[in-house]
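Spelled out from the first residue to the last, the chains are:
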Amino acid sequence: MKPTYAALLPVAHDVPAVIAWLNLRLTANQLSAETLTLLQTVLTAFNVTAASAESAKLDMLASACFLILCSPEYLVQK
């Protein structure tokens, strides 16, 4: 099984939108401010723009999902 990230691909250049989408769907908006800041910093470093190649966008989206899936807020949901 391989994720497609189809719903996020059109907004991959908008890091806050990506984080908000994943936060809602994966953790029910339970990510801490510290985790959100860390995600913002890491994902912004990818420098993905609307004109970036699809592969760059997919790399950033996969990293975003991975980081959230490793977060304490995802692993221990209340």
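Residues numbered from 1 in each chain as written. Predicted model: local features only at pLDDT ≥ 70, side-chain atom pairs only at ≥ 80, totals over all residues. Heavy atoms only, no water.

Tell me what's going on with the packing of helix α2 (residues 33-44) against helix α3 (residues 54-70), and back it up with residues and numbers.
Between α2 and α3, the shortest axis-to-axis distance is 10 Å and the interhelical angle comes to 155°. In terms of orientation, α2 and α3 fall into the roughly antiparallel class. Crossing angle aside, the handedness with which α2 passes α3 is right-handed. Judged by residue contacts, L39, V42 and L43 of α2 engage M60, A64, L67 and I68 from α3. Looking at the contact of α2 with α3 residue by residue, the classes come out as seven nonpolar, no polar and no charged. (Axes fitted to C-alpha atoms, helices over the stretch in contact; angles between N-to-C directions. Helix = DSSP H or I, 4+ residues; strand = E, 2+ residues; numbered from the N terminus. Parallel < 35°, antiparallel > 145°, perpendicular 65-115°, else oblique. Left-handed = near helix turned anticlockwise from the far one by under 90°. Contact = heavy atoms within 4.5 Å. Nonpolar A, V, L, I, M, F, W, Y, C, P; charged D, E, K, R; others polar.)

Requested: an account of a nonpolar patch on the surface, with residues and values cited.
On the surface, L38, V42, F46, F66 and L67 cluster together into a nonpolar patch covering about 430 Å² of accessible area. Of note, F46 is situated in the loop between α2 and α3. The class of F46 is partly exposed, set by a relative accessible area of 34%. (Patch = residues over 30% accessible without salt bridge, like charges linked within 9 Å, V, L, I, M, F, W, Y side chains within 5 Å. Areas by Shrake-Rupley, 256 points an atom, 1.4 Å probe, with all protein chains shown as cover. Salt bridge = Lys/Arg side-chain N within 4 Å of Asp/Glu carboxyl O. Buried < 20%, exposed > 50% of the residue type's maximum accessible area, 1.4 Å probe, protein only.)

Please provide a residue-by-residue account of the environment of N23, values included.
Along the chain, N23 falls in helix α1 (residues 15-27). Relative accessible area serves as the criterion here: at 7%, N23 is assigned to the buried category. A C-alpha to C-alpha distance of 9.6 Å links N23 and C65, two positions 42 residues apart in sequence. Once you skip the residues sitting within four places of it in the chain, N23 turns out to touch A28, N29, Q30, L31, L36 and I68. Among the polar contacts listed, one links the side chain of N23 to the side chain of T27, at a separation of 2.5 Å. A polar contact is formed between the side chain of N23 and the backbone nitrogen of L31, at a distance of 3.3 Å. (Polar contact = N/O pair within 3.5 Å; in protein donor to acceptor, adjacent residues only side chain to side chain.)

Before we move on, can you summarise unusual backbone geometry with the specific residues and values?
Trans is the prevailing form of peptide bonds, just as negative phi is the prevailing case for residues other than glycine. Positive phi, close to 55°, is recorded for A28, a residue that is not glycine. Tracing the backbone shows A28 in the loop between α1 and α2. Of note in the backbone geometry, N47 takes a positive phi value of approximately 55° without being a glycine. Assignment of secondary structure puts N47 in the loop between α2 and α3. Here N47 falls in the exposed class, since its relative accessible area comes to 60%.

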